[in-house]
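# Reading the structure
So you can see what is in the structure, the chains are spelled out below.
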Amino acid sequence: MLSRPIILATIGLILSCYAVYVEHRQAEIEAAEAAGETLEEFQSLCDIQSIGASCSATFALPEGRMLSYFGIVPKGSALDVPNAVLGALFYTYIILNETLVQLPLGLTFFATCMAMSSSIFLACKLIILKKLCLLCWTTHVLNFLLIVHYGGRLISGDKGKVKAKSG
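Residues numbered from 1 in each chain as written. Predicted model: local features only at pLDDT ≥ 70, side-chain atom pairs only at ≥ 80, totals over all residues. Heavy atoms only, no water.

So, about the pattern of salt bridges. A side chain with one charge can pair with a side chain of the opposite charge if their charged atoms come near. In this structure the tally under the stated criterion is four salt bridges. One salt bridge connects E63 with K125, and the closest N-O pair in it is separated by 3.5 Å. Here K125 lies in helix α5 (residues 105-129) and E63 lies in the loop between α2 (55-59) and α3 (66-69), a separation of 62 residues in the sequence. The partner of R153 in a salt bridge is D158, with the nearest N and O atoms 3.1 Å apart. You can call D158 partly exposed: its relative accessible area is 24%. Ionic contacts of the salt-bridge type, sharing partners, join the residues E98, R153 and D158 into one network. (Salt bridge = Lys/Arg side-chain N within 4 Å of Asp/Glu carboxyl O. Helix = DSSP H or I, 4+ residues; strand = E, 2+ residues; numbered from the N terminus. Buried < 20%, exposed > 50% of the residue type's maximum accessible area, 1.4 Å probe, protein only.)

In structure tokens:
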């Protein structure tokens with residue numbers, strides 16, 4: 001049976017990969033337009049005009065690349081990756097930690113705190129800018145559920161060791 005973190009992280013990984021795809025398509029279109037070419041129109045599944053939702057527009061914000069936004073890496077460098085790439089790495093870490101390797105619970109909780117901190121910052125930005133990004137809000141909820149899970153394990157003293165079956 002799949003554990004709650006694996007299910008949440010799998011959903012997060014799928015959404016993160018889709019977000020990377022959307023950003024890549026948007027970049028292709030912008031590059032083609034700059035070169036005077038025209039590509040077929042692209043509409044993301046998370047761009048829903050009837051409710052004013054646009055993940056494409058949200059991803060294009062400066063905050064969409066938090067590492068360069070905060071000056072951790074230079075803008076335009078190889079490490080200036082979209083937040084979705086960071087999310088994919090985080091969710092992959094969670095899946096691997098739950099399936100193949102068992103890293104210390106404190107490390108996993110720290111990684112989850114970093115993801116949740118990013119979610120809080122980005123959620124506040126979405127509210128301030130009055131942007132609706134369903135994909136973004138979904139990942140924020142996933143991160144919240146993951147921090148509740150790992151925080152609960154940490155508080156209960158569960159170190160993540162496999163318990164021997166009795167009997």
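That shown, we press on.
A positive phi angle, close to 55 degrees, is found at K130, a residue other than glycine. Its location among the elements puts K130 in the loop between α5 and α6 (134-156). Exposure remark for K130: the relative accessible area of 74% places this residue in the exposed category.

Our next topic: the packing of α5 against α6. Taken N-terminus to C-terminus, the directions of α5 and α6 make an angle of 150 degrees; their axes are 9 Å apart at the nearest point. Considering only the axes of α5 and α6, their crossing is left-handed. Looking at the contact of α5 with α6 residue by residue, the class counts come to 16 nonpolar, eight polar and one charged. (Axes fitted to C-alpha atoms, helices over the stretch in contact; angles between N-to-C directions. Left-handed = near helix turned anticlockwise from the far one by under 90°. Nonpolar A, V, L, I, M, F, W, Y, C, P; charged D, E, K, R; others polar.)

What follows deals with the packing of aromatic side chains. Inspection of the entire model under this criterion finds six aromatic pairs. Judged by centre distance (5.9 Å) and plane angle (45 degrees), the ring pair of Y69 and F121 falls under tilted. Of this pair, Y69 sits in helix α3 while F121 sits in helix α5, placing them 52 residues apart in sequence. Judged by its relative accessible area of 33%, Y69 falls in the partly exposed class. Ring pairs connect the aromatic residues Y18, Y21 and F42, which therefore count as one cluster. (Phe/Tyr/Trp six-rings, centres within 6.5 Å; stacked < 30°, edge-to-face > 60°.)

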